[in-house]
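# Residue-level structure breakdown
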Amino acid sequence: MINIETPTYYSATKKYNLSFATLEEDIDADVVVIGGGFSGINTALELAEKGITNIVVLEARYLGFGGTGRNGGQIMAGIGHDLEKIRNSVGESGIREIFEISELGAGIIKERIARYNIDADFSHGYGYMGFNKRQEQTLRNWERDFKSINSKDEIRFLAGSEVKQIIGSDVYSSALLHMGGGHVHSLNLLLGEAKALSELGVRVFEHSPALEVQYGERITVRTGRGSVKASKLLWACDSFLNKLEPQLHCKTINTYAFQMVTEPLPEELIQRISPIRGAYSDIRPVIDYYRVTRENRLLFGSATPFVEHIPNDLKAWNRRLMLKVFPYLKDVKIDLAWGGPMATGATLFPQLGTLNGRRNVFYVQGYSGFGVTPSHIICKILAEGMSEGSARYELLSSVRHPNIIGKDQIRPLLLSGGKTFHQLSGYFNGRR
């Protein structure tokens, strides 16, 4: 098993010395949130900005312990992996509306950083990278689609030698530059948002795991040393639900992603790697993703493409992938490597809504590895559903998510089969 307590680039470079007390009393609130990652903190912040501040957030470990504190930091367009997977749930008009919603993420993050003066190293510039003619056509289609809903940012297709304008690699034959996207220090973003949340009067508790939940008109959440009674509950645990809620447990399965960061690199080498100092990913069903950090490091990540397993040596595993893209980095030292679980569902689309028969119990989970940007979109819409209601909340919560049968008995087999199917389908939808 992987040690998820291993230091990451984010924990080593966090700028906020922020900590919160353990819950040690019985308290009342309007809303109780279980989970202190992007989903829990962002939904609470959205509600607080609407004037709903009698909120309690319970985090089992510390803020950012999960995927929020160990990801790629990519700011990219989109929600989910493939909207075709949810077409039967929402119809053609719903697909178009979700596509338009999916472009909001970068703007929400930038507005949040500006409003609360968050020091999160936001940098513009994203490259979607293609290896072959099928992917080139997909990127041309994406250029048209992105431009149809975004006229303010530079969005430009590149082919052949033009690709070198944004990246120093010979493995790609095409690229789509999107200057509205980019990258961010995700842990500093979360901690800055949590600081703003507490300043608005929301109570946050760390090292306060939910041990028991009793539903009713007033919901009771018990921790080891205290309890919260509230009118509404939000489950925002993602890959750390730990079977606490059976309705949610059966909808996702945990897979793993792995990242590494190099030693600081000379400026001339950074300029060779990334003339735009941006973030990148290819468009295969299981992507490689990477970016240049503020400290001139290269942060590189991926997941196993076919067989679900945890590599024995994360530094060596990630290094091998990095050298396929940048062979001239063969002498560069890898300073840190880490990884951890992420919850994914059968549709690969984020899940939100209310529990069956429990209209005051909300949930959000299953970002399937694409959580930094989509979580800010999803949680804005979720907060609408938890307060005044909205048409777009009704749309997103109408997406059907099948149960994953056998996840506790044959998890690696299910994931390996799913990844293989996902990869093969990529040949037919222009992703491989």
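The preceding data block contains the structure.
Structure report, in brief. Worth saying up front: this structure is predicted, and the values here are computed from it rather than measured.

## Considerations on the packing of helix α3 (residues 87–101) against helix α5 (residues 133–149)
Taken N-terminus to C-terminus, the directions of α3 and α5 make an angle of 80 degrees; their axes are 10 Å apart at the nearest point. When the interaxial angle is binned, α3 and α5 end up roughly perpendicular. Each of Arg96, Phe99 and Glu100 in α3 lies in contact with α5, whose residues at this interface are Asp145, Phe146, Ser148 and Ile149.

## Some words on the pattern of salt bridges
All chains considered together, the criterion is met by 32 salt bridges. Here Arg61 makes a salt bridge to Glu5, at a shortest N to O gap of 2.7 Å. Pair noted here: Arg61 is in the loop between β2 (55–58) and β3 (74–75) and Glu5 is in the segment before α1 (9–12), with a separation of 56 residues, a long-range link. By relative accessible area, which is 44% here, Glu5 ends up partly exposed. The closest approach of N and O atoms between Arg218 and Asp28, which form a salt bridge, is 3.2 Å. Within this pair, whereas Arg218 is found in the loop between β8 (212–214) and β9 (219–222), its partner Asp28 is found in strand β1 (residues 26–34), the two being separated by 190 residues in sequence. Its relative accessible area of 39% is what places Arg218 among the partly exposed residues. Three or more residues joined by partner-sharing salt bridges are found here, namely Lys15, Asp119, Asp121 and Arg294.

## Things to note about the environment of Leu200
Structurally, the position occupied by Leu200 is in the loop between α6 (186–199) and β7 (203–205). On the basis of relative accessible area, Leu200 is assigned to the partly exposed category, the value being 34%. Separated by 84 residues in the primary sequence, Leu200 and Arg284 have C-alpha atoms spaced 42 Å apart. Those residues in contact with Leu200 that lie beyond four places of it in its chain are Leu45, Ala48, Thr53 and Tyr116.

## Points about a nonpolar patch on the surface
Taken together, the side chains of Ile410, Leu413 and Leu414 define a hydrophobic patch exposed on the protein surface, amounting to about 260 Å² of accessible area. As for its position among the elements, Leu413 is in helix α12 (residues 411–425). Accessibility expressed as a relative area gives 61% for Leu413, which makes it exposed.

## Examining the environment of Leu395
Tracing the sequence through the fold places Leu395 in helix α11 (residues 391–397). Along the sequence, Leu395 and Ser89 sit 306 residues apart, while their C-alpha atoms lie 9.1 Å from each other. Not counting residues within four places of it along the chain, the set of residues in contact with Leu395 comprises Val90, Gly94, Glu97 and Ile98.

## Points about unusual backbone geometry
Glycine aside, residues mostly have negative phi angles, and peptide bonds mostly take the trans form. Positive phi, normally seen in glycine, also occurs at Asp238, with a value near 50 degrees. Even without glycine at this site, Arg277 takes up a positive phi of about 50 degrees. Here Arg277 shows up in the loop between α8 (267–273) and β12 (279–282).

## With respect to the packing of helix α2 (residues 38–49) against helix α10 (residues 372–386)
Where α2 meets α10, the closest approach of the two axes is 8 Å, and the angle between their N-to-C directions is 45 degrees. Between α2 and α10, the angle is such that the two are oblique. The handedness of the crossing between α2 and α10 comes out as right-handed. Contacts between α2 and α10 involve Phe38, Ser39, Asn42, Thr43, Glu46 and Leu47 from the first element and Val372, Ser375, His376, Cys379, Lys380, Leu382, Ala383 and Met386 from the second. Its residues assigned to classes, the contact of α2 with α10 shows 7 nonpolar, 5 polar and 2 charged.

## Digging into the side chain of Ser208
Inspection of the secondary structure puts Ser208 in the loop between β7 and β8. Polar side-chain contacts of Ser208 include one of 2.9 Å to the backbone nitrogen of Leu23. A polar contact of 2.8 Å, which involves the side chain of Ser208, links it to the backbone oxygen of Glu206. If sequence neighbours within four positions are ignored, Ser208 has contacts with Ala21, Thr22, Leu23, Leu58, Glu59, Ala60 and Thr223.

## Remarks on the packing of aromatic side chains
The full count for this structure, using the stated rule, is 15 aromatic pairs. When the centroid spacing of 4.7 Å and the interplanar angle of 40 degrees are considered together, the rings of Tyr126 and Tyr128 count as tilted. Tyr128 carries the same exposure label as Tyr126, and that label is buried. Directly above the aromatic system of Tyr328 lies the positively charged group of Arg272, at a separation of 3.5 Å from the ring centroid.

## Some thoughts on the pairing of β1
Relative to strand β10 (residues 227–235), β1 runs parallel, the two being bridged by 8 bridges. By the bridge assignment, Val31 is partnered in β10 with Lys232. For β1 and β2, the ladder comprises 4 bridges, and the chain directions are parallel. Within β2, the residue paired with Ile34 across the bridge is Leu58.

## Focus on helix α9 (residues 314–325)
For α9, built from 12 residues, the straight-helix expectation of 16 Å at 1.5 Å per residue is met to within 8% by its first-to-last C-alpha distance of 17 Å. Within the span of α9, buried status applies to Leu314, Trp317, Asn318, Leu321, Met322 and Val325. Relative to the axis of α9, the buried residues are bounded by an arc of 130 degrees and lie together on one face. Contacts from the buried residues of α9 go to β11 (253–262), β13 (289–292), β14 (298–302) and β15 (334–344). Between the side-chain oxygen of the N-cap and the backbone nitrogen of Lys315 there are 3.2 Å, and the N-cap of α9 in question is Asp313.

## Looking at α10
With 15 residues, α10 should cover 21 Å at 1.5 Å per step; its first-to-last C-alpha distance of 21 Å lies within 8% of that length. For α10, the buried fraction is high: 14 of the 15 residues fall into the buried class.

Here is what the cut-offs are and how they apply
- Residues numbered from 1 in each chain as written.
- Predicted model: local features only at pLDDT ≥ 70, side-chain atom pairs only at ≥ 80, totals over all residues.
- Heavy atoms only, no water.
- Axes fitted to C-alpha atoms, helices over the stretch in contact; angles between N-to-C directions.
- Helix = DSSP H or I, 4+ residues; strand = E, 2+ residues; numbered from the N terminus.
- Parallel < 35°, antiparallel > 145°, perpendicular 65-115°, else oblique.
- Contact = heavy atoms within 4.5 Å.
- Salt bridge = Lys/Arg side-chain N within 4 Å of Asp/Glu carboxyl O.
- Buried < 20%, exposed > 50% of the residue type's maximum accessible area, 1.4 Å probe, protein only.
- Patch = residues over 30% accessible without salt bridge, like charges linked within 9 Å, V, L, I, M, F, W, Y side chains within 5 Å.
- Areas by Shrake-Rupley, 256 points an atom, 1.4 Å probe, with all protein chains shown as cover.
- Left-handed = near helix turned anticlockwise from the far one by under 90°.
- Nonpolar A, V, L, I, M, F, W, Y, C, P; charged D, E, K, R; others polar.
- Polar contact = N/O pair within 3.5 Å; in protein donor to acceptor, adjacent residues only side chain to side chain.
- Phe/Tyr/Trp six-rings, centres within 6.5 Å; stacked < 30°, edge-to-face > 60°.
- Lys NZ or Arg CZ within 6 Å of the ring centre and 35° of its normal.
- Pairing = 2+ DSSP bridges.
- Expected span 1.5 Å × (residues − 1).
- Arc of directions from axis to C-beta.

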